[in-house]
Amino acid sequence: MEWKFEDDIPIYQQIMDIVKQQIAVGGLEAGQKLPSVRELALEAGVNPNTMQKALAELEREGLLYSQRTAGRFVAEQKRIKQGLQEDLMREYMQIFLENMSKLGYSAQEALQLLQKYLEGGVKEK
């Protein structure tokens, strides 16, 4: 997993978002065992307590489950992956539209610019 953190969002929340994204895109498969909290914390460069908090919250949300002495695993419900993809899509679209609005574009204008960009008509500077 790629661990890049921003200053304006709590790290545990960013860890949760990264794990959710990995589940949504298939980087973490249903039934897959996660590394230990300490291993993940070391890999991410965070305090183990922060990693534990994020993983515990993901368990409460039903995305992960624990087996005593065996570790944590990704939940095996297909609906979870589909729901995560939809949630992330909405979140990313909202961020895109908010940023375009800050630049003075309406949602319709943003849509037209996106279409033009996808067709290769908007050039990079």
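An account of the accompanying structure is given in this report. Every chain is numbered independently, its residues counted from 1 as its sequence is written. Totals for whole chains, interfaces and linings use every residue, but because this is a predicted model, local features are given only for residues with pLDDT of at least 70 and side-chain atom pairs only at 80 or more, for both listing and counting. With hydrogens and water excluded, all non-hydrogen atoms of the structure serve as input to the side-chain values.

### Some words on the packing of helix α2 (residues 37–44) against helix α3 (residues 48–60)
Only C-alpha atoms enter the line fits that serve as axes; for helices the fit covers just the stretch in contact. Angles between N-to-C directions range over 0 to 180 degrees. A helix here means a DSSP run of H or I that spans at least four residues, while a strand means a run of E at least two residues long, and both kinds are numbered starting from the N terminus. The contact between α2 and α3 brings their axes to 8 Å, and the two run at 115°. As the angle between them shows, α2 and α3 are arranged roughly perpendicular. Crossing of α2 against α3: the hand is right-handed. For the pair α2 and α3, the contacting residues are Val37, Arg38, Leu40, Ala41 and Ala44 in the first and Pro48, Met51, Gln52 and Leu55 in the second. Side-chain classes follow a simple rule in which Ala, Val, Leu, Ile, Met, Phe, Trp, Tyr, Cys and Pro form the nonpolar group, Asp, Glu, Lys and Arg form the charged group, and the remainder, Gly included, forms the polar group. Residue composition of the contact of α2 with α3, grouped by class: seven nonpolar, one polar and one charged. Note on angle classes: values under 35 degrees are labelled roughly parallel, values over 145 roughly antiparallel, values of 65 to 115 roughly perpendicular, and the remainder oblique. Crossing chirality is assigned from the near helix's rotation relative to the far helix, an anticlockwise turn below a right angle marking it left-handed and a clockwise turn marking it right-handed. When checking whether two residues touch, look at their non-hydrogen atoms; a contact exists if any pair is within 4.5 Å.

### Structural notes on a nonpolar patch on the surface
What makes a patch is a set of residues exposed beyond 30% relative accessible area and free of salt bridges, joined within 9 Å when like-charged and within 5 Å when nonpolar (Val, Leu, Ile, Met, Phe, Trp, Tyr). Per-residue accessibility takes into account occlusion by the displayed protein chains alone, with areas from the Shrake-Rupley method and a 1.4 Å probe. The salt bridge definition used is simple: a Lys or Arg side-chain nitrogen within 4 Å of an Asp or Glu carboxyl oxygen. On the surface, Leu114, Tyr117 and Leu118 cluster together into a nonpolar patch covering about 310 Å² of accessible area. Tracing the backbone shows Leu114 in helix α5 (residues 107–118).

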